[in-house]
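Next come the chains, spelled out residue by residue.
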Amino acid sequence: MNLRFMRTAIRLALVKMRSQQGGPFGAVVVRQGKIIGRGWNQVTATDDPTAHAEVAAIRAACRRLKSFQLDDCELYTSCEPCPMCLAAIYWARCRRVYYGTTRQDAARIDFDDDFIYREIARPIARRKIPMRQMLRSEALVAFDQWQHQADKVRY
């Protein structure tokens, strides 16, 4: 744990928010004591709902390392990751996460990540956004081919 890295994530959140580049969130990816990826919330600046600080920092770190895995890296983020960012952290295989504010703190200023956490836990039929499965047998063709593809890169 390094306070300097957390303060960098918090500073990114403040600077980018004040310059109208997005919401109050910042993140850095650290490897061997060095920042290798920086990110800040760019949702409103880019009209991209996936442009969260953690995702941006992960993308920057992966580009720098030319790898889709960050298993020897830590992520410092100004706020507890939302479900999307948490999934990205798991997919990137970060070894540890440090965060500043909580999702309850975020909910108090109208960022309701907790709603999505609750939705994920619900059965599909009870979620707010209707979901319907279709063409499963056709879609399974890609899975079958992937399973038998000899030169695939596992992730």
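In what follows, the structure referred to is the one given above.
Residues numbered from 1 in each chain as written. Predicted model: local features only at pLDDT ≥ 70, side-chain atom pairs only at ≥ 80, totals over all residues. Heavy atoms only, no water.

Chemist: Would you take a moment to explain the overall build of the protein for this structure?
Modeler: For the protein, the helix and strand inventory stands at 7 helices and 4 strands. Listed by position from the N terminus, the elements making up the protein come as α-β-β-α-α-β-α-β-α-α-α. Scored against the burial criterion, the 155 residues of the protein give a buried share of 35%. Long-range pairs, those at least 24 residues apart, make up 48% of the contacts in the protein with a sequence separation of at least 6. For the protein, the distance from the average position of its 26 positive side-chain charges to the average position of its 16 negative side-chain charges is 6 Å. (Helix = DSSP H or I, 4+ residues; strand = E, 2+ residues; numbered from the N terminus. Buried < 20%, exposed > 50% of the residue type's maximum accessible area, 1.4 Å probe, protein only. Contact = heavy atoms within 4.5 Å. Lys, Arg positive; Asp, Glu negative; His and termini not counted. Charge placed at Lys NZ, Arg CZ, Asp CG, Glu CD.)

Chemist: I would appreciate a short explanation of the pattern of salt bridges in the present structure.
Modeler: When the charged atoms of two side chains lie near each other, side chains of opposite charge can form a pair. Tallied over the entire structure, the rule returns 8 salt bridges. Of the charged contacts, one joins Arg95 and Glu74 as a salt bridge, the two residues approaching to 3.8 Å between their closest N and O atoms. Residue Arg95 is found in the loop between α4 (83–92) and β4 (96–101), and its partner Glu74 is found in strand β3 (residues 73–79); the two are separated by 21 residues along the sequence. A salt bridge links Glu74 to Arg96; the nearest nitrogen and oxygen atoms lie 3.2 Å apart. Here the residue Glu74 occupies a position in strand β3, and Arg96 occupies one in strand β4, the gap between them amounting to 22 residues. (Salt bridge = Lys/Arg side-chain N within 4 Å of Asp/Glu carboxyl O.)

Chemist: I keep staring at the environment of His148 and nothing clicks. Help me out?
Modeler: As for its placement among the helices and strands, His148 is situated in helix α7 (residues 136–148). A polar contact of 2.8 Å, which involves the side chain of His148, links it to the backbone oxygen of Asp144. (Polar contact = N/O pair within 3.5 Å; in protein donor to acceptor, adjacent residues only side chain to side chain.)

Chemist: Got a minute to help me understand the state of the cysteines in this structure?
Modeler: Disulfide: a covalent bond formed between the sulfur atoms of two cysteine residues. Inspection of the entire model under this criterion finds 0 disulfides. With no disulfide partner, Cys82 has as its closest neighbouring cysteine sulfur the one in Cys85, 3.7 Å distant. The thiol of Cys94 is not disulfide-bonded; the next cysteine sulfur, from Cys73, is found 6.4 Å away. Judged by relative accessible area, Cys94 falls into the buried class, the value being 13%. (Disulfide = S-S within 2.5 Å.)

Chemist: Sorry, what's going on with the packing of aromatic side chains here?
Modeler: Within a pair of aromatic rings, the relevant descriptors are the distance that separates the centres and the angle that separates the planes. Counted by the stated rule, this structure contains 6 aromatic pairs. Ring plane angle 80° and centroid distance 6.3 Å describe the contact between Phe68 and Tyr155, whose orientation is recorded as edge-to-face. Taken together, the residues span a long stretch of sequence, with Phe68 in the loop between α3 (53–65) and β3 and Tyr155 in the segment after α7 at a distance of 87 residues. On the basis of relative accessible area, Phe68 is assigned to the partly exposed category, the value being 41%. Under the relative-accessibility criterion, Tyr155 is labelled exposed at 62%. For the ring pair Trp146 and Tyr155, a centre distance of 6.3 Å and an interplane angle of 70° mean the geometry is edge-to-face. By way of ring pairs, the aromatic residues Phe68, Trp91, Trp146 and Tyr155 are connected into one cluster. Its guanidinium or amino end placed over the ring of Trp40, Lys16 lies 4.2 Å from that ring's centre, counting from NZ or CZ. (Phe/Tyr/Trp six-rings, centres within 6.5 Å; stacked < 30°, edge-to-face > 60°. Lys NZ or Arg CZ within 6 Å of the ring centre and 35° of its normal.)

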